[in-house]
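So the chains spell out like this:
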Amino acid sequence: MSNALAIEPVSPHLLRSLREHVHERLRRAIVAGRFRNGERLNERSLADMLGVSTTPVKDAIRMLESEGLVRTEARRGVFVEFSARQALEMALGRAALESVMTHIAANRIDAGEIAAMARLIDEMAHATEHGDLEDLVNLNEAYHGMIHRISGCGYLERRLDGQRMYDHAQRIALLGEPSERARGFEEHRGIFEALRAHEPARAEQRMRSHIVRSAKSHVRQVFGADAEGLDYDE
């Protein structure tokens, strides 16, 4: 039997998919607080837990380091870098940018965009009551993405790209709670009402309040306490 025909090479997209899955699971675990801030991560132990080799784990750790969720120290290893303060700082940065984008969107939104957003709100209402978590997270991200597009602020949207991973993981954690689902939906509907009425100041305030309140809830959920030394009113 020819060695050249015995085994076909693994498709690169499958390898890439595995790296992405490992990265997503580790990222979600860190943001959910399953690893303590400052905890040392053992690549072999992680690989065993995930049922993979250490190669995709090493790749995932490099990605996590670029996202600021772990740090590598020479001859010491890899350590988790995610505290209550960092989580809230990330959310405050997002609140500052996205509230401005919402203000601008309220001035720009047209009748067609209002109708499209109204349909999305209806879908979110149904998913809040009946949908599964994945549907609700996807609709939530579609809602925020629509506001970004309406604002036309491409530069600001690119500035948000670096923390989309945290926003996604936070939504998964929070939207698993029924009370948070309901409260989050009411806040989203209130933001839409301000956008529809072309009230930029109210839309901006409601978006900022929504993001900061959600972040504080997530910090309490993960760390059991507020972020120390970082007081910011909603």
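If you look the protein up in an unreviewed UniProt entry, it shows as DNA-binding transcriptional regulator, GntR family from Bosea lupini.

Notes on the domain arrangement of the protein
As far as domains go, the protein holds domain 1 (18-80) and domain 2 (84-226). Using C-alpha coordinates to define each centre, domain 1 is positioned 28 Å away from domain 2. Taken together, the contact between domain 1 and domain 2 spans nine residues of the former and nine residues of the latter. Where domain 1 touches domain 2, the interface holds zero salt bridges. At the junction of domain 1 and domain 2, the tally comes to one residue pair in polar contact (both at pLDDT 80 or more). Tallied by class, the residues present in the side of domain 1 that touches domain 2 amount to three nonpolar, two polar and four charged.

Quick look at the sheet that holds strand 3 (residues 77-80)
Taking strand neighbours across the sheet as the criterion, the three strands line up as 1-3-2 in an open arrangement whose pairing is antiparallel. Each end of this open sheet is capped by a strand with a single partner; those strands are strand 1 (40-41) and strand 2 (70-73). Two elements, strand 2 and strand 3, share four bridges in a ladder whose sense is antiparallel. When the sheet's bridge partners are listed, Val-70 is paired in strand 3 with Val-80. Sheet contacts for helix 4 (residues 54-66): strand 2 and strand 3; angle to strand 2, the most-contacted strand, approximately 110°.

Reading the values: rules and limits
- Residues numbered from 1 in each chain as written.
- Predicted model: local features only at pLDDT ≥ 70, side-chain atom pairs only at ≥ 80, totals over all residues.
- Heavy atoms only, no water.
- Domains from an automatic or database assignment.
- Contact = heavy atoms within 4.5 Å.
- Salt bridge = Lys/Arg side-chain N within 4 Å of Asp/Glu carboxyl O.
- Polar contact = N/O pair within 3.5 Å; in protein donor to acceptor, adjacent residues only side chain to side chain.
- Nonpolar A, V, L, I, M, F, W, Y, C, P; charged D, E, K, R; others polar.
- Pairing = 2+ DSSP bridges.
- Helix = DSSP H or I, 4+ residues; strand = E, 2+ residues; numbered from the N terminus.
- Axes fitted to C-alpha atoms, helices over the stretch in contact; angles between N-to-C directions.

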